[in-house]
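Geometric and topological summary
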Amino acid sequence: MRLMRLLRSSVSIGKEIDFYSRFSPSPLSMKQFLDFGSENACEKTSFTFLRQELPVRLANIMKEINLLPDNLLRTPSVRLVESWYIQSFQDILEFKDKNADDEKVTYDFTDAVIKIRNRHNDVIPTMAQGLVEYKETYGTDPVVSQNVQYFLDRFYMSRISIRMLLNQHTLLFGGKVKVNPAQPKPIGSIDPHCCVSEVIKDAFENARNLCDRYYMNSPELLLEEFNAKDAGKPVTVVYVPSHLHHMVFELFKNAMRATMEFHGDAMEYPPIHAQVALGSEDLTVKVSDRGGGVPLRKIDRLFTYTYSTAPRPSIDGSQAAPLAGYGYGLPISRLYARYFQGDLKLYSLEGYGTDAVIYIRALSTESIERLPVYNKSAWKHYKTIHEADDWCVPSKEPKDLTTFRSI
């Protein structure tokens, strides 16, 4: 009897996922987030929007999870992640027909949102562990690797966007938010006047503490600002400080590790340069190191999930955060940059050093969520058989032209 109830429940959930996946997510701009939080912060409005939007975003990415290779879906870690998404989807659907004017309903919804956010805290390392389990059992396959890279970019971008909605609602209506004296008026997780240099300095110190712990030394920071919009004043932007911190912290970790290992036991290490420039369209942050750089052929690999030149860290939670490890740092950081229509790029001079550049939209009206949508194009990407490259691949050994015969 229990089995029958379980089967009926799974069929019902499957139908709901099919239904909501037919709708495209509704991307919001930074200005819309800002306007809602500062002028029209109404819990009822947020509740009404989220109980429609969250199932759509969850269902769209859950449909793509099912397109992964069966052997990957069967790994314990991926099954655990999938169960979290199904549970969260069900939790939101419970509020589908409830009265938005009932204060207890909105209170319970906020409580549910907090539980969902906490449930998904470990999605990234758990999914990473699932890939490790898959690779250790079945090895690697170029087609599967390409599809997994495509999926993870979309899956983690979806997670960033869902977490953004959950955080905004929680911080605006959770009722337990402590005001930060340095940023007295944040709008949820958004700072309307985010001081870029302050975030950079904070991220540098955090990375430096790790570097000092691992290498017993660390390079200095040289920071420059160029404000073309308001000369002489600090560069500020409407942005999510935690997103910027995540990106810059990752770049500083990489720069410090490269610098320390390239220069070995030197008494002094070349400083890391950070430059901030604000123009009419873009805010740009450049982090430059003299850590020896990487060859051109490896640049793309640095944005591949699970690629790392460092040993894989333990995930038991008993150790401090490593300076490097899983290989998720750069690809996730690039997603944070792209989430609001920016980007993150690497430019390397092998034998000298690397420039990492973060691009952020300067105007809040142009900072619009970039969201994956499940449709035929996405489905075809997983199902298409990737054919041979239509450019010739050079052999590793040059041809012996003395043996070449003309036809």
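Quick summary incoming for the structure in this document. Note that the structure is a prediction, hence the values are computed from the model and not measured.

Here we look at the overall build of the chain
A tally of regular secondary structure across the chain gives 13 helices and 7 strands. By residue count, 45% of the 407 residues in the chain fall in the buried class. Of the contacts formed within the chain by residues at least 6 apart in sequence, a portion of 79% connects residues at least 24 apart. Carbon and sulfur atoms make up 53% of the accessible area of the chain, which totals about 22500 Å².

A few points about the sheet that holds strand S4 (residues 272-278)
Strands sit in the order S2-S4-S5-S7-S6 across an open sheet of 5 strands; the sheet is mixed. Two strands in the sheet have a free side with no partner beyond their single neighbour: strand S2 (221-227) and strand S6 (343-349). On average, adjacent strands in this sheet sit at an angle of 15 degrees to one another, irrespective of strand direction. Across 7 bridges, the pairing between S2 and S4 is parallel. Paired with phenylalanine 226 across the bridge in S4 is alanine 277. On top of the sheet, helix H12 (residues 329-339) reaches S6 and strand S7 (353-361); it is set at about 130 degrees to S6, its chief contact.

Some thoughts on the pairing of S7
Judged from the 8 bridges that link them, strand S5 (residues 282-289) and S7 form a sheet pairing that is antiparallel. If you follow threonine 284 over to S7, its bridge partner there is tyrosine 359. Here 7 bridges tie S6 to S7, and the two strands are oriented antiparallel to one another. By the bridge assignment, leucine 346 is partnered in S7 with alanine 356. From the end of S6 to the start of S7, which pair antiparallel, there are 3 residues, and glycine 351 there has a positive phi angle of about 95 degrees.

Cut-offs and rules
- Residues numbered from 1 in each chain as written.
- Predicted model: local features only at pLDDT ≥ 70, side-chain atom pairs only at ≥ 80, totals over all residues.
- Heavy atoms only, no water.
- Helix = DSSP H or I, 4+ residues; strand = E, 2+ residues; numbered from the N terminus.
- Buried < 20%, exposed > 50% of the residue type's maximum accessible area, 1.4 Å probe, protein only.
- Contact = heavy atoms within 4.5 Å.
- Areas by Shrake-Rupley, 256 points an atom, 1.4 Å probe, with all protein chains shown as cover.
- Pairing = 2+ DSSP bridges.
- Axes fitted to C-alpha atoms, helices over the stretch in contact; angles between N-to-C directions.

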